[in-house]
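# Residue-level structure breakdown
So you can see what is in the structure, the chains are spelled out below.
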Amino acid sequence: MELQNKNVLITGSARGIGLAIAHKFASVGANVILNGLSGISDDILAEFAGYSGKVVAVIGDVSKAADAQRIVEEAVTALGSVDVLVNNAGITRDKLMLKMTEEDFEQVLKVNLTGTFNMTQSVLKPMTKARQGAIINLSSVVGLAGNIGQANYAASKAGLIGFSKSVAREVAARNIRVNCIAPGFIESDMTDVLPEKIKEASLALIPMKRFGTPEEVADVALFLAGQEYLTGQVITIDGGFTMQ
């Protein structure tokens, strides 16, 4: 897919990996639809002023079906279509199993997994009509390998992989591709506040001996959006952490 002038919707794109993905698509001439739960600041919008494409901000909670439908409708109204959807919005509620509440578990699944379902179902209607599109879902190496204190997060991210493969089979004949990215330890607000001992222990498990960057994850998203014959796959970007 030639990405210049294509319309790319990235959920959870007010910061971090989502914002890096938005910048990556904008840098190749795509129009981007930013999404946040409570809004996109003027400072963030100003960051996109130097790109050739358009930028649109749409507020909404992907865990609510009505919001997801409205997000897609507003994007289509503003730009005419959604050619690429990146399901990046997600949360954590980390606790050991014995201390995890039902609400902790269900809230993470509601945002990470049900939110992706809501957005995907909403965007497939215009994509199916156009007979083209790409959907990229942000999973995690935790969905492949598990992690202590993240049973809820791991369940949601593992679920995304099965979800993506199933939807990929359903829509491939309509020239719609669905793939997953499974990042490992990525530099972020969450990793910045980790104690040094935990950082050192994590780095010891990564063959490349460093954390990845949001921009490196964004490179994978750009690659997946542009590949016309790649669907139903999980691309891990983890410095070798889950190498087999």
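About the criteria used
Residues numbered from 1 in each chain as written. Predicted model: local features only at pLDDT ≥ 70, side-chain atom pairs only at ≥ 80, totals over all residues. Heavy atoms only, no water. UniProt positions renumbered as here; feature names shortened; annotations may be inferred. Helix = DSSP H or I, 4+ residues; strand = E, 2+ residues; numbered from the N terminus. Contact = heavy atoms within 4.5 Å. Axes fitted to C-alpha atoms, helices over the stretch in contact; angles between N-to-C directions. Parallel < 35°, antiparallel > 145°, perpendicular 65-115°, else oblique. Left-handed = near helix turned anticlockwise from the far one by under 90°. Nonpolar A, V, L, I, M, F, W, Y, C, P; charged D, E, K, R; others polar. Salt bridge = Lys/Arg side-chain N within 4 Å of Asp/Glu carboxyl O. Buried < 20%, exposed > 50% of the residue type's maximum accessible area, 1.4 Å probe, protein only. Polar contact = N/O pair within 3.5 Å; in protein donor to acceptor, adjacent residues only side chain to side chain.

As recorded in an unreviewed UniProt entry, the protein chain goes by 3-oxoacyl-[acyl-carrier-protein] reductase and comes from Streptococcus sanguinis. One UniProt comment on the protein chain, placed under Function (unreviewed entry), says "Catalyzes the NADPH-dependent reduction of beta-ketoacyl-ACP substrates to beta-hydroxyacyl-ACP products, the first reductive step in the elongation cycle of fatty acid biosynthesis." Recorded under Subunit (unreviewed entry), the UniProt text for the protein chain is reproduced unchanged: "Homotetramer."

## As for the environment of alanine 75
Relative to the helices and strands, alanine 75 resides in helix H3 (residues 65–79). As for alanine 75 and lysine 165, which are separated by 90 residues in sequence, their C-alpha atoms are 25 Å apart. Apart from residues lying up to four places away in sequence, alanine 75 is in contact with Ile33, Gly80, Ser81 and Val82.

## Re the side chain of lysine 199
Here lysine 199 is to be found in helix H8 (residues 196–204). Contact partners of lysine 199, with chain neighbours within four places excluded, come to Thr191, Asp192, Leu194 and Phe211.

## Here we look at the packing of helix H1 (residues 16–27) against helix H9 (residues 214–226)
For the pair H1 and H9, interaxial distance at closest approach is 8 Å and the crossing angle is 50°. Between H1 and H9, the angle falls in the class oblique. Crossing angle aside, the handedness with which H1 passes H9 is right-handed. Contact residues: Gly16, Ile17, Ala20, Ile21, Lys24 and Phe25 in H1; Pro214, Glu215, Val217, Ala218, Asp219, Ala221, Leu222 and Ala225 in H9. The residue makeup of the contact of H1 with H9, split by class, is 10 nonpolar, one polar and three charged.

## Re the pattern of salt bridges
Within this structure, the stated rule accounts for six salt bridges. With its nearest N and O atoms 2.9 Å apart, the salt bridge here joins aspartate 104 to lysine 95. Since its relative accessible area comes to 10%, aspartate 104 is described here as buried. Note on lysine 95: relative accessible area 34%, which makes it partly exposed. Taking the shortest distance from any N to any O, the salt bridge between lysine 199 and glutamate 196 comes out at 3.8 Å. Remark: glutamate 196 and lysine 199 occur in helix H8; sequence separation between them is three residues, near one turn of the helix. Look at lysine 199 and you get buried, because its relative accessible area is 17%.

## Observations concerning the UniProt feature "binding site: NADP(+)" (unreviewed entry) in the protein chain
As recorded in UniProt, the feature "binding site: NADP(+)" (unreviewed entry) lies at Gly12, Ser13, Ala14, Arg15, Asn88, Tyr153, Ala154, Ala155, Ser156, Lys157 and Ile186. These residues run over 175 residues, and the two farthest C-alpha atoms among them are 24.6 Å apart, placing them at more than one spot. For serine 156, the position within the fold is in helix H6 (residues 151–171). Judged by its relative accessible area of 0%, serine 156 is buried. Structurally, lysine 157 can be placed in helix H6. According to the relative accessible area criterion, lysine 157 is buried, its value standing at 4%. A polar contact is formed between the side chain of lysine 157 and the backbone oxygen of leucine 138, at a distance of 2.8 Å.

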